[in-house]
Amino acid sequence: MAGGAPTVGKIAVRNMPTGRALYFPLALVTSLFFLWGFAYGLLDVLNKHFQEVLNLSKMKSTVLQVAYFGAYIVFPPLIGQPVVRRFGYKVSIITGLMLYVVGALCFWPCAQFKTFPGFVAATFVIACGLSNLEVAANTYVTVLGSAKTATFRLNLSQSFNGLGSFIGPLIASKFFFSAEHSGDLDSVKFIYLGIACGVFVVAVLFVFATLPEVSDDDMENESDLPTKPLLKQPHFLGGFSSQWLYVGAQVTVATFFINLANEDGIKSDSKASQLLSYSLILFTVGRFFSTFLLRFLQPRHILGAYAILCTTLCALSAGLKGLGGTVCVMVLFFFMSCMYPTIFTLALQDLGGNTKRAGTFVVMGVGGGAIFPPIQGAIADKASTKISQIVPTVGFAYLIFYAFMLAKGPTPRPSDYLEATKNHQPEGEPNYK
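These lines cover the structure that appears in this document, whether it is placed above or below. (Residues numbered from 1 in each chain as written. Predicted model: local features only at pLDDT ≥ 70, side-chain atom pairs only at ≥ 80, totals over all residues. Heavy atoms only, no water.)

Attention now goes to the overall build of the protein. Check the secondary structure of the protein and you find 19 helices and 0 strands. Of the contacts made within the protein by residues no fewer than 6 positions apart, 85% connect residues no fewer than 24 positions apart. For the protein, the exposed surface amounts to about 16300 Å²; the carbon and sulfur share of it is 68%. (Helix = DSSP H or I, 4+ residues; strand = E, 2+ residues; numbered from the N terminus. Contact = heavy atoms within 4.5 Å. Areas by Shrake-Rupley, 256 points an atom, 1.4 Å probe, with all protein chains shown as cover.)

In structure tokens form, the structure reads like this:
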């Protein structure tokens, strides 16, 4: 932030490693972002695959999304928040990983007996694990280090989420829609068995890893401001609602991408799935590019500008004929890229001892992905997928209001002041304008 080091009234130092000592825990936790990105990337392609193999309507197939994102509404407040506050980040992460393993293993019998309700239940279990990972990992990356670089760190970690998101559909397009497996679910069994094995290995790594903990008291001491109730924090309330609307918009855009491409003239599901993978590559590139921009611009300004572009592109995808609509949605993925982590850190800013609790509620915002798809699916069945694009357009439009009216600029913590006085200009800190 321009103007030199901040003046604070209270200095508190956490008993925590700094600098390069943070690289290992941050790198290990960042691996989790890839795992749930991969799971989410497969979900959108599974939706279309189940429409074909199990003969489901567009609206009925969205029950998979309802189960996945509905878990984010139920699990974080009932299980995720108590676990992370009582037992810490490490136990919370391992719990999430093991739920992920159990859910992935359940895909084998579900594919064997072609039971869609079974797939819905298994997806719910996986999502419970992923929601627990998000409660822990997103908040952990946010608080582990300087407050001024919280958004930068989370966007960097979330970039690997985007990497997993595009690898998932890329693999699915090769196996789910191949000539050999386009009419069966055998490929689903083996892909999810491999996922279960890989995630179990990561869980074992976390069991033996040493991770620094950050308690609620640590966060309380780090804040120079008195902790106010969450209901009296407009930037948190706005961030919570923004996360609901953003995730709902993102999920519907991805869920019906293949259907939209079909309506725009791309009749091959395999080719449409590959285009979805290319879109997610743009999403990943956008995350890394946004991370670079965060070294120079305030997060809320980037969020506001990207929200304007997303609203415009989404509206155009509903009105343009031919491949123009699909191209607009592909570009849209680039500008959606930084929204989730940026909203997350903006919502958690200056919450002190309420940071973990608030993080749980913001992660619940992922539940928006359970609300929007059925609405868009109903409109798509009765009208068309292109007309239904008005649903995510509304979600993106709200983000413009949040970014420019409710979100706050960065406020340094006391330990940032100590770091600034020692190093004058710490390496890697953003120069906000």
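Still more ground to cover, so stick around.
Bringing the nonpolar core into the picture now. Counting residues in each nonpolar core, the largest one holds 123 residues, and the members touching the most others are Leu32 and Phe396. Each residue touching Leu32, except ones within four places of it in the same chain, is listed here: Ile93, Leu97, Leu133, Ala137, Val202 and Phe206. (Core = buried A, V, L, I, M, F, W, Y, C linked by side-chain atoms within 4.5 Å. Buried < 20%, exposed > 50% of the residue type's maximum accessible area, 1.4 Å probe, protein only.)

Moving on to the packing of aromatic side chains. Per the stated rule, a full pass over the model turns up 19 aromatic pairs. When the centroid spacing of 5.1 Å and the interplanar angle of 80° are considered together, the rings of Phe334 and Phe335 count as edge-to-face. Judged by its relative accessible area of 17%, Phe335 is buried. Members of the aromatic cluster, connected to one another through ring pairs, are Phe50, Phe107, Phe116, Phe119 and Tyr192. (Phe/Tyr/Trp six-rings, centres within 6.5 Å; stacked < 30°, edge-to-face > 60°.)

Attention now goes to helix 9 (residues 234–255). Over its 22 residues, helix 9 extends 31 Å from the first C-alpha to the last, a length consistent with the 32 Å expected when each residue adds 1.5 Å. Most of helix 9 sits out of view: 16 of its 22 residues are buried. (Expected span 1.5 Å × (residues − 1).)

Tracing the backbone shows Ser279 in helix 11 (residues 269–293). Look at Ser279 and you get buried, because its relative accessible area is 0%. Look past the residues within four positions of Ser279 in its chain and what remains in contact with it is Phe257, Met330 and Phe333.

Our next topic: empty space enclosed by the protein. This model, assessed by the stated rule, comprises 2 cavities of 30 Å³ or more. Considering only enclosed or pocket space, the largest cavity measures out at about 230 Å³ in volume. Around the largest cavity, the lining is made up of 19 residues, and of these Trp36, Tyr40, Glu134, Asn161 and Gln250 lie nearest the centre. Among the secondary structure elements, those contributing two or more residues to the lining of the largest cavity are helix 1 (23–53), helix 3 (63–87), helix 6 (150–175), helix 9 and helix 11. In terms of residue count, helix 9 provides more of the lining of the largest cavity than any other element does, 4 residues in total. Each residue belonging to the lining of the largest cavity can be placed in one class, and the counts come to 12 nonpolar, 5 polar and 2 charged. (1 Å grid on protein atoms, 1.4 Å probe; cavity = no way out; pocket = protein on both sides within 12 Å on 5 of 7 lines; lining within 4 Å. Points joined across faces, edges and corners; volume = space filled by probe spheres on them. Nonpolar A, V, L, I, M, F, W, Y, C, P; charged D, E, K, R; others polar.)

This model, assessed by the stated rule, comprises 2 salt bridges. Among the ionic pairs, Lys189 bridges to Asp186, the shortest N-O distance being 3.6 Å. One end of the pair is Lys189 and the other is Asp186, both in helix 7 (residues 186–208) and 3 residues apart, which spans about a single turn. The exposure class of Lys189 is buried, given its relative accessible area of 9%. (Salt bridge = Lys/Arg side-chain N within 4 Å of Asp/Glu carboxyl O.)

All right, on to the packing of helix 9 against helix 18 (residues 390–406) then. Helix-helix packing: each pair is described by the crossing angle between the helix axes and the interaxial distance. Contact pair helix 9 / helix 18: the axes reach a minimum separation of 8 Å and the direction vectors enclose 155°. Considering the angle they form, helix 9 stands roughly antiparallel to helix 18. Crossing of helix 9 over helix 18 shows left-handed handedness. Facing Pro234, His235, Gly238, Gly239, Ser241, Ser242, Leu245, Tyr246, Ala249, Gln250, Thr252 and Val253 of helix 9, the residues of helix 18 in contact are Pro392, Gly395, Phe396, Tyr398, Leu399, Tyr402 and Leu406. Of the residues that constitute the contact of helix 9 with helix 18, the class distribution is 11 nonpolar, 8 polar and no charged. (Axes fitted to C-alpha atoms, helices over the stretch in contact; angles between N-to-C directions. Parallel < 35°, antiparallel > 145°, perpendicular 65-115°, else oblique. Left-handed = near helix turned anticlockwise from the far one by under 90°.)

Let us now look at the state of the cysteines. All chains considered together, the criterion is met by 0 disulfides. Of the cysteine sulfurs around Cys310, a residue in no disulfide, the closest is that of Cys314, at 8.1 Å. What makes Cys310 buried here is its relative accessible area of 0%. Here Cys328 is not cross-linked by a disulfide; its sulfur's nearest cysteine counterpart is in Cys314, at 9.4 Å. Given a relative accessible area of 9%, Cys328 falls into the buried group. (Disulfide = S-S within 2.5 Å.)

Mapped onto the fold, Leu332 is located in helix 13 (residues 324–336). In sequence terms Leu332 and Leu282 are 50 residues apart; their C-alpha atoms lie 8.8 Å from each other. Leu332 has contacts with Val253, Cys310, Leu313, Cys314 and Phe396, leaving out every residue within four places of it along the chain.

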